[in-house]
Amino acid sequence: MIRKITAVMMTACCTLCLSSCGKGKDSKPVPPPPAECSDPNAVTFDDENFSFVTVINDDKKSAKGELSVTEIEGNKMLKFTDDLTVPLDGKVQKLSVNAAQLLCPEDLPKVRSIEFDMYADAVAENYMNQDGKKVKAPGTISAGGGTVTAKKNAGGKGTWYDFAEFEGGEYNCERSGAVHARFKFLLADSGLCWDENMEDANFLIMRWGCENDSNLYVDNIIFYDKDNNSIPLNLSE
């Protein structure tokens, strides 16, 4: 099923986060439900296809692991299961999403922003909360990303463009709520965007500053044009 994030759902989700992930001593904090999405042009992983996503291991700090599709409260999403072989200190979880496999070539130049939801879940009780107690929680989710653009640099290759960083998450729940991200091509008018000839047009999602051993989840990827209209997907095989 394909869904779209709405302001009402996000507000409700935030409210639930505050109430269910509090510091109650008599009950175990309950993670908030996954974010809903109804946009017909959203990548929701309901078809369990994630062939357009790869794990990036380009240095010794890059997390290693496997990709799969998992279901949480009836909502399917992409899961990166961290194998925990890379030390937590300085580790970065990196996923590359190939937009050229998701959109028609003629639509790649139209992309001006990319939105998606990110989650993390803890697999150990190593996060120190504000009360000085170790709990099974992922801590703050700090992330960002970037992409190679069509604009050529001095070396004749595509110029790298960094998207703005974002942050969020729940401290006392085993799984975080949805951290909504929006990557923007702010300098598209100068050529720092994609074009129809980029068969390898992809964007990198990076999570750093991990405060506990945890896995990463991504859902509800939507591409928008300059008028903030979602761009149709091209998923035919």
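This report concerns the structure included in the present document. (Residues numbered from 1 in each chain as written. Predicted model: local features only at pLDDT ≥ 70, side-chain atom pairs only at ≥ 80, totals over all residues. Heavy atoms only, no water.)

## Things to note about the sheet that holds strand 2 (residues 65-72)
Paired through their backbone hydrogen bonds, the strands of a sheet run either parallel or antiparallel.
No. 1: Strands sit in the order 2-3-12-5-10 across an open sheet of five strands; the sheet is antiparallel. If you trace the sheet from one side to the other, it starts and ends with strand 2 and strand 10 (179-184), each paired once. With direction set aside, neighbouring strand axes in the sheet form an average angle of 30°.
No. 2: The pairing of strand 2 with strand 3 (residues 75-82) spans eight bridges and is classified as antiparallel. Across the sheet, residue Glu 71 finds its bridge partner in strand 3, namely Lys 76. (Pairing = 2+ DSSP bridges. Helix = DSSP H or I, 4+ residues; strand = E, 2+ residues; numbered from the N terminus. Axes fitted to C-alpha atoms, helices over the stretch in contact; angles between N-to-C directions.)

## Section: the environment of Pro 29
No. 1: Among the secondary structure elements, Pro 29 is positioned in the loop between helix 1 (7-20) and strand 1 (53-55).
No. 2: Counting along the chain gives 146 residues from Pro 29 to Arg 175, while the straight-line C-alpha distance between them is 9.7 Å.

## Let's talk about the sheet that holds strand 8 (residues 141-152)
No. 1: Taken in spatial order, the five strands of this open sheet run 1-4-11-8-9, and their pairing is antiparallel. Of all strands in the sheet, those with a lone pairing partner are strand 1 and strand 9 (158-168), marking the two edges. The mean angle between the axes of side-by-side strands here comes to 20°, regardless of whether they run parallel or antiparallel.
No. 2: With six bridges connecting them, strand 8 and strand 11 (residues 202-208) associate as antiparallel partners. Looking across to strand 11, one finds that Gly 144 is bridged to Met 206.

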